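Listed here are the chains, written in short residue letters.
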Amino acid sequence: MDRSLIHRIATSYAPAYARPAIATLLSLEAQFAKFVFTASEPILAQMRLAWWRDRFAQLREEWPVGNPLLAQLAEWNTDTSELGKVVDGWEALLANLPPNASDFEAYRRGRGAGWQVLARHLGLGFDEAAIAQASERWSMADAAASLGDPEARDLALREGRKLAKPPRLPRALRPLTVFDAIGRRALRSGAAPLSRPSDLVAVLRHGLTGR
């Protein structure tokens, strides 16, 4: 699965003012996905995630210089300490091997927290629970496509298929609508996200209409 391509496609449907912040959040998620999905040992991923958790527990003035993601996040107009919940969500996939249903629930809630923080930064007055919900099916499809253990993959697909369709979101969060569409189709088919020609047609429709 080409996660970076999916991120670029989804981000292209955001209004120009929202794209930099969305790209920053997706870069952070890509970093955590690399830690969790490719680590040879869980302890290595946990150590890398702990570094980020420690950063988000600090004041921004205490952040080390030279890290591009931290430099971008330092400009956000909201409480970035809440991004520690994103770290916790990714780490939940390492709590048990293979992850169980509770681990997957904590994981997708953690990823949803990142979008909630983003919405505050963008000044969107919208139901934050709905924003988090909109990221859930994509999060589970991402996990199903990335986890090597067949048992974990099957459980991720089953848990993801139970999730409800989210409400319509603000225009600034149109990428989440696209992610949900990609996730829903991948969960339903069991195929990798955006791996079939018909998926691209669906993405185009959801990206343009928000439905």
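As the structure is a prediction and not an experimental result, all values here were calculated from the model.

S.K.: So what exactly am I meant to see when it comes to the side chain of Arg108 here?
M.R.: Its location among the elements puts Arg108 in helix α6 (residues 101–121). For Arg108, the contacting residues outside a window of four places in its chain are Ser135, Glu136, Ser139, Met140, Glu159 and Leu163.

S.K.: So what exactly am I meant to see when it comes to the pattern of salt bridges here?
M.R.: Working definition: two side chains of opposite charge can pair if their charged atoms are close together. Inspection of the entire model under this criterion finds 12 salt bridges. Between Asp142 and Arg111 there is a salt bridge, with the nearest N and O atoms lying 2.9 Å from each other. In this pair, Asp142 is assigned in helix α8 (residues 136–146) and Arg111 in helix α6, connecting sequence segments 31 residues apart. The same class applies to Asp142 and to Arg111, which are both buried. Each of the salt bridges in this network shares a partner with another, and the network as a whole consists of Arg3, Glu29, Arg111 and Asp142.

S.K.: Explain unusual backbone geometry to me, please; I cannot follow it from the model alone.
M.R.: Apart from glycine, the bulk of residues carry a negative phi angle, and the bulk of peptide bonds sit in the trans form. For the bond from Leu97 to Pro98, the omega torsion is 0 degrees, close enough to zero to count as cis. The residue Pro98 is located in the loop between α5 (84–92) and α6 in this model.

S.K.: So what exactly am I meant to see when it comes to the nonpolar core here?
M.R.: The nonpolar side chains of a soluble globular protein tend to be buried with one another. Formed by 63 residues in total, the largest nonpolar core has its most connected members in Phe32 and Trp115. At 10 residues, helix α2 (residues 19–38) tops the list of elements feeding residues into this core. Not counting residues within four places of it along the chain, the set of residues in contact with Phe32 comprises Leu49, Trp52, Phe56, Val86, Val87 and Trp90.

S.K.: What am I meant to see in the environment of Ile131 here?
M.R.: Note that Ile131 resides in helix α7 (residues 128–134). Separated by 45 residues in sequence, Ile131 and Leu176 have C-alpha atoms that sit 8.2 Å apart. With residues up to four places along the chain from it excluded, the contact list for Ile131 reads Trp115, Gln116, Ala119, Phe126, Leu169, Leu173 and Leu176.

S.K.: Teacher, can you tell me more about the environment of Arg161 here?
M.R.: Looking at the element boundaries, Arg161 is found in helix α9 (residues 150–161). In the structure, Arg161 is positioned 23 residues away from Arg184 in sequence and 7.6 Å away in space, judged by C-alpha atoms.

The rules behind each value
- Residues numbered from 1 in each chain as written.
- Predicted model: local features only at pLDDT ≥ 70, side-chain atom pairs only at ≥ 80, totals over all residues.
- Heavy atoms only, no water.
- Helix = DSSP H or I, 4+ residues; strand = E, 2+ residues; numbered from the N terminus.
- Contact = heavy atoms within 4.5 Å.
- Salt bridge = Lys/Arg side-chain N within 4 Å of Asp/Glu carboxyl O.
- Buried < 20%, exposed > 50% of the residue type's maximum accessible area, 1.4 Å probe, protein only.
- Core = buried A, V, L, I, M, F, W, Y, C linked by side-chain atoms within 4.5 Å.

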